[in-house]
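Given next are the chains, with one letter for each unit.
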Amino acid sequence: MFFDTKSSAFEIESLPAGFGARIHGLDLSQALSPEVVASIQQAIDHFAVLVFAQQMLDDGAQIRFARYFGEMEASRATVAVEKHRLAHPQLNDISNLNEAGTILAVDDRRRMFNLGNRLWHSDSSFKVKPAKYSFLHAREIPSQGGETEFCDTRLAYEALGTKEGNALMPLICEHSLLFSRAQLGFSGFTEEEQLRFAPVRQRLVRRHQPTGRVCLFLSSHIGGIEGMPRPEALMLIRDLIEAATRPDRVYQHRWSCFDLVMWDNRATMHRGRAYNDQFERRDMRRVTIAGEVSSLDEAIC
Ligand code: OGA
Ligand code: MN
């Protein structure tokens, strides 16, 4: 699909997997003009993943940049934590560090919970109004591993045959953080957490509003499909995720310190990759912009 990269206030270099781009020539710590914000908006609508290298942002600057694109999600989705490492209540701690800044112990509950980020997912798909954009900034990275991978769920839909795509259209999935964690054998949720993470309903096929393209709303948070036996539903989701994330359809981001990656959760899935998290530090921080609608309101017809 054609995208006019020349009209932008910055340089756009598209990435090889058929989506995603690297943006050159912007300093996100500075205030941005409405024209530049509009150009970034156009680019994210089209490419779904944008990489901005060498961005010297502190928490405040990261939040300020994200806020050009909407309202932040009201709360972070974590297991109960006595004291958070990051002061700002809307900054998600994507690290292997505790509140004292030291590496989480091997059996720490937060470490077990965070392993769920290594399953393919779309952020906050378990919320009634799932997330729109995520902004992940690298403050400290391991020497090996710890990449983040992305796939484009519009391309995933478009790769299906018409018949298969049509058959998926009416399906409604149940999403919960409890389901993704259960896949890894993590089940020690308190009653309060079980209530907080009760399943929500989302369409399997939705329309990506900015482009009008149809996408699969896939996520490892899916634990069932309405009206379908559970094993059949989970097998279908597994097959769809496998096809969506075929190696030639994936962009793997190998982090450099101070990279900022922005993605559209409505049109992508992502996952973190393993690293030696008992010996190396990885300090990543995420700001999430809330979606405005439920996918139930994004039916194709
Ligand atoms: C996230 C996430 C994966 C990673 O920040 O939402 O899933 O590579 N991160 O840390
Ligand atoms: Mn995530």
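Definitions and cut-offs
- Residues numbered from 1 in each chain as written.
- Chains lettered and ligands numbered in written order.
- Predicted model: local features only at pLDDT ≥ 70, side-chain atom pairs only at ≥ 80, totals over all residues.
- Heavy atoms only, no water.
- Near = heavy atom within 4 Å.
- Polar contact = N/O pair within 3.5 Å; in protein donor to acceptor, adjacent residues only side chain to side chain.
- Areas by Shrake-Rupley, 256 points an atom, 1.4 Å probe, with all protein chains shown as cover.
- Nonpolar A, V, L, I, M, F, W, Y, C, P; charged D, E, K, R; others polar.
- Salt bridge = Lys/Arg side-chain N within 4 Å of Asp/Glu carboxyl O.
- Helix = DSSP H or I, 4+ residues; strand = E, 2+ residues; numbered from the N terminus.
- Buried < 20%, exposed > 50% of the residue type's maximum accessible area, 1.4 Å probe, protein only.
- Pairing = 2+ DSSP bridges.
- Donors = N, O, S within 2.8 Å, 3.2 Å for Na, K, Ca; no water.
- Phe/Tyr/Trp six-rings, centres within 6.5 Å; stacked < 30°, edge-to-face > 60°.

1. Things to note about the site of ligand 1
Then step 1. Around ligand 1, the surrounding shell consists of Ile94, Asn117, His121, Asp123, Leu136, Glu147, Thr148, Trp263, His270, Gly272, Arg282 and Arg286.
Then step 2. In the model, an oxygen atom of ligand 1 is placed 2.6 Å from a nitrogen or oxygen of the Thr148 side chain.
Then step 3. Side-chain polar atom of Arg286 to an oxygen atom of ligand 1: 2.6 Å apart, as the coordinates give it.
Then step 4. If ligand 1 stood free it would expose 290 Å²; the protein chains cover 99% of that surface.
Then step 5. Classifying every residue of the shell around ligand 1 by side-chain character gives three nonpolar, five polar and four charged.

2. Focus: the pattern of salt bridges
Then step 1. This structure, assessed with the given rule, holds 22 salt bridges.
Then step 2. Measuring nitrogen to oxygen at the nearest pair gives 2.7 Å for the salt bridge that ties Arg206 to Glu298. Linking Arg206 in strand E9 (residues 205–208) with Glu298 in the segment after strand E15 (283–289), this pair joins segments that are 92 residues apart in sequence. The residues Arg206 and Glu298 share a single accessibility class, namely buried.
Then step 3. One network of salt bridges, with partners in common, ties together Asp59, Arg85, Asp93, Arg139, Asp283 and Arg285.

3. Let's talk about the pairing of strand E7 (residues 172–175)
Then step 1. Taken together, the four bridges between E7 and strand E8 (residues 200–203) define a ladder with antiparallel strand orientation. Bridging across to E8, His175 finds its partner in Val200.
Then step 2. In this sheet, strand E11 (residues 222–225) lies alongside E7 in antiparallel orientation, the contact comprising three bridges. What sits directly across from Glu174, in E11, is Gly224.

4. Notes on the coordination of the manganese ion (ligand 2)
Then step 1. Surrounding the manganese ion (ligand 2) are the protein donor atoms His121 (NE2), Asp123 (OD) and His270 (NE2), at 2.1 to 2.2 Å.
Then step 2. When its relative accessible area of 4% is taken as the criterion, His121 is described as buried.

5. Focus: the packing of aromatic side chains
Then step 1. Evaluation of the coordinates by the stated rule reveals twelve aromatic pairs.
Then step 2. For the pair Phe52 and Phe65, a centre-to-centre distance of 5.7 Å together with 75° between the ring planes defines the contact as edge-to-face. Of this pair, Phe52 sits in strand E3 (residues 49–52) while Phe65 sits in helix H2 (residues 59–67), and the two are 13 residues apart along the sequence.
Then step 3. Since its relative accessible area comes to 1%, Phe65 is described here as buried.
Then step 4. Three or more aromatic residues link up through ring pairs in this structure, and these residues are Phe52, Phe65, Phe69, Tyr133 and Phe135.

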